[in-house]
Amino acid sequence: DTAVSQTPKYLVTQMGNDKSIKCEQNLGHDTMYWYKQDSKKFLKIMFSYNNKELIINETVPNRFSPKSPDKAHLNLHINSLELGDSAVYFCASRRQRGEQFFGPGTRLTVL
Amino acid sequence: SQQGEEDPQALSIQEGENATMNCSYKTSINNLQWYRQNSGRGLVHLILIRSNEREKHSGRLRVTLDTSKKSSSLLITASRAADTASYFCATDTTAGNNRKLIWGLGTSLAVNP
């Protein structure tokens, strides 16, 4: 069974469009994250939710809006996509003080 | 912000050799974790070492932690071609009430058959 899943795996879109990435975890973890990994493999935390509550927002443009309908889901909506948004986006979940479990990633390409 | 710094940035070795990667950090930590990322995949947790531990083993992996020097090392013994991946260290810190991992920039390991 997949622990952390993301959809879609690949996303190719035009500048200015709005897109969403979905994430689900079946591990029962309370905390979920969104990360952005650029072409140099730099992993940058974007958001963290704990029990549907936003606890970390790392100076991400407000074009990015996370939504957590329940603690097993954390979706990422991006408005007005820009070229610089092209990256791989990873969702992760974590139990308290333990390791993080990552999804397979969503490769976003903005043309 | 990133506080972990791995070195070397890239490492190329022959199968059977040992690979050592180092990680330095700046602030006090609860624990330090190492992850592997195969090309095109998500990160996979390898090992966690708590701040009161000095060494930990898992199979061919050996991790050390020196809190006085704020550094950790990951040793992979008898490397295999399948160990080719990027390796990241991450420190567990508590900034206010927010728990998050602070990530290093990674070491890219190539194991040549």
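It should be noted that the structure appears before, not after, this text.
None of the values given here were measured: they were computed from a predicted structure.

The rules behind the values
Residues numbered from 1 in each chain as written. Chains lettered and ligands numbered in written order. Predicted model: local features only at pLDDT ≥ 70, side-chain atom pairs only at ≥ 80, totals over all residues. Heavy atoms only, no water. Disulfide = S-S within 2.5 Å. Helix = DSSP H or I, 4+ residues; strand = E, 2+ residues; numbered from the N terminus. Buried < 20%, exposed > 50% of the residue type's maximum accessible area, 1.4 Å probe, protein only.

Caption draft 1: Geometry of the state of the cysteines. In this structure the tally under the stated criterion is two disulfides over all chains. Residue Cys23(A) pairs covalently with Cys91(A) via a disulfide, S to S 1.8 Å. A torsion of -75 degrees about the S-S bond marks the disulfide between Cys23(A) and Cys91(A) as left-handed. Separated by 68 residues along the polypeptide, Cys23(A) in strand β3 (residues 19-25) and Cys91(A) in strand β9 (residues 87-94) bring together distant segments of the chain. Each of the two residues, Cys23(A) as well as Cys91(A), counts as buried. The partner cysteine of Cys23(B) in its disulfide is Cys89(B), sulfur to sulfur 1.9 Å. Between Cys23(B) and Cys89(B), the disulfide has an S-S torsion of 65 degrees and is therefore right-handed. Of this pair, Cys23(B) sits in strand β3 (residues 19-24) while Cys89(B) sits in strand β9 (residues 85-95); the two residues are 66 residues apart in sequence, bridging distant segments of the chain. Here Cys89(B) falls in the buried class, since its relative accessible area comes to 1%.

Purely geometric numbers; function is a separate question.
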